[in-house]
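# Architecture and fold: a report
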Amino acid sequence: MSLDDLVVSTEKIDTVYVTKLQGNLNNFTAEKCIKSVTNSLKHGSVILDLEELNMVTTQGIVAFKTLNEEAFLQKHKIILINLPLSVRQAFLMAGVRNLFPIANNEEAAFKMASRPSR
């Protein structure tokens, strides 16, 4: 997989969308990620599975901030699961904390997603 590859796959389970990101989130792939997740947010909350996300650059952090704003506007939640160490480090280096709730597993994420928003 090259630096400009990001595979975004989404599955709807009840009223929640589970989106898996595989590859790299950078200036080449950020728009693809934003469009896909924003489309799902129009219909319900999103669980973002980041287990196979290899790298997040500064532009990837900007994409996450954009998604946070979009979730607020759509009155739905984005819950993160399976954060690799590299993604956690990218968030820390960017000074990003508490942008999204982080669940320990998919079951916990579904419980969080089913609670009323804000």
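Coordinates for the structure precede this section.
Not measured: the values here are computed from a predicted model.

Tallying secondary structure elements over the protein gives four helices and four strands in all. Here the C-alpha radius of gyration of the protein, 13 Å, is about what a compact globule of 118 residues would show, namely 13 Å. Taken along its principal axes, the extent of the C-alpha atoms in the protein is 35 × 25 × 25 Å. Burial status across the protein gives 42% buried among its 118 residues. Contacts spanning at least 24 positions in sequence make up 70% of the contacts within the protein whose residues lie at least 6 apart. With the model as given, the accessible surface of the protein reaches about 6700 Å², and the carbon-plus-sulfur share is 49%. Of the side chains in the protein, 13 bear a positive and 12 a negative charge, and the two mean positions are spaced by 9 Å.

Counting residues in each nonpolar core, the largest one holds 27 residues, and the members touching the most others are Leu 48, Leu 50, Leu 53, Phe 64, Ile 78 and Leu 80. Of all elements in the fold, only strand E2 (16-25), helix H1 (30-41), strand E3 (46-56), helix H2 (58-74), strand E4 (78-81) and helix H3 (85-94) reach the threshold of two or more residues within this core. Those residues in contact with Leu 50 that lie beyond four places of it in its chain are Leu 21, Phe 64, Leu 80, Ile 81, Asn 82, Leu 83, Pro 84 and Val 87. In terms of nonpolar packing, the next biggest core, distinct from the first, is built from nine residues, Ile 81, Ala 103, Ala 109 and Ala 113 among them.

Moving on: the packing of aromatic side chains. Using the criterion set out here, one finds two aromatic pairs in the structure. Ring centres of Phe 64 and Phe 91 lie 5.2 Å apart, and the angle between their planes is 80°; this geometry places the pair in the edge-to-face category. Taken as a pair, Phe 64 in helix H2 and Phe 91 in helix H3 lie far apart in primary sequence, 27 residues in all. Summarising the burial analysis for this pair, Phe 64 and Phe 91 share the class buried. Through a chain of ring-to-ring contacts, the aromatic side chains of Phe 64, Phe 91 and Phe 100 assemble into a single cluster.

In this structure, Lys 75 takes a positive phi of about 60° despite not being glycine. Mapped onto the elements of the fold, Lys 75 is located in the loop between H2 and E4. The backbone of Asn 82 shows a phi angle near 55°, a positive value even though the residue is not glycine. Relative to the helices and strands, Asn 82 is located in the loop between E4 and H3. Accessibility expressed as a relative area gives 32% for Asn 82, which makes it partly exposed.

A word on the sheet that holds strand E1 (residues 6-13). What the four strands build is an open sheet, ordered E1-E2-E3-E4; its pairing is mixed. At either margin of the open sheet sits one strand with a lone partner, and together these are E1 and E4. On average, each strand axis in the sheet is tilted by 20° relative to the strand beside it, whichever way the strands run. The sheet contact formed by E2 and E3 spans eight bridges and is parallel. Bridge assignment links Tyr 17 to a residue of E3, and that residue is Val 46. Set on the sheet, H1 makes contact with E1, E2, E3 and E4; between it and E1 the angle comes to about 5°. Those strands touched by helix H4 (residues 106-114) are E1, E2, E3 and E4, and its axis lies near 170° from that of E4.

H2 packs onto H1 with a crossing angle of 15° between their chain directions and a minimal axis gap of 10 Å. Between H1 and H2, the angle falls in the class roughly parallel. Crossing of H1 over H2 shows right-handed handedness. Judged by residue contacts, Ala 30, Cys 33, Ile 34, Val 37, Thr 38 and Leu 41 of H1 engage Gln 59, Ala 63, Thr 66, Leu 67, Glu 70, Ala 71 and Gln 74 from H2.

Definitions and cut-offs
- Residue positions are given per chain, counting from 1 as you read along its sequence in written order.
- The predicted nature of this model means local features are confined to residues of pLDDT at least 70 and side-chain atom pairs, given and counted, to a pLDDT of 80 or more, with totals for whole chains, interfaces and linings taken over all residues.
- As a rule here, side-chain values come from all non-hydrogen atoms in the structure, and water together with hydrogens is ignored.
- We count a stretch as a helix when DSSP gives it H or I for four or more residues in a row; a strand needs E for two or more, and each element gets its number in order from the N terminus.
- Here the globule rule reads 2.2 Å times residues to the power 0.38, and the radius of gyration is calculated from C-alpha atoms.
- Burial here depends on accessible area, computed with a 1.4 Å probe over protein chains only, as a share of the maximum for the residue type. Under 20% is buried, over 50% is exposed, and the range in between is partly exposed.
- Contacts are assigned to residue pairs with any non-hydrogen atoms lying within 4.5 Å of each other.
- All accessibility values rest on the Shrake-Rupley procedure with a 1.4 Å probe; residue burial counts only the protein chains present in the view.
- This count recognises Lys and Arg as positive and Asp and Glu as negative, with His and chain-terminal groups excluded.
- We put the charge of a Lys on NZ, of an Arg on CZ, of an Asp on CG and of a Glu on CD.
- Put simply, a nonpolar core is a bunch of buried Ala, Val, Leu, Ile, Met, Phe, Trp, Tyr and Cys residues held in one set by side-chain atoms that sit within 4.5 Å of each other.
- Between rings of Phe, Tyr and Trp, where Trp is taken as its six-membered ring, a pair exists when centres lie within 6.5 Å; planes separated by under 30 degrees are stacked, by over 60 edge-to-face, and by other angles tilted.
- By definition, two strands form a pair when at least two bridges between them are found by DSSP.
- Interaxial angle, 0 to 180 degrees, is taken between N-to-C directions of lines fitted to C-alpha atoms, where a helix line uses only the stretch in contact.
- Should an angle fall under 35 degrees it is taken as roughly parallel, and over 145 as roughly antiparallel, whereas 65 to 115 is taken as roughly perpendicular and any remaining angle as oblique.
- Should the near helix be turned anticlockwise from the far one by less than a right angle, the crossing is termed left-handed; should it be turned clockwise, right-handed.

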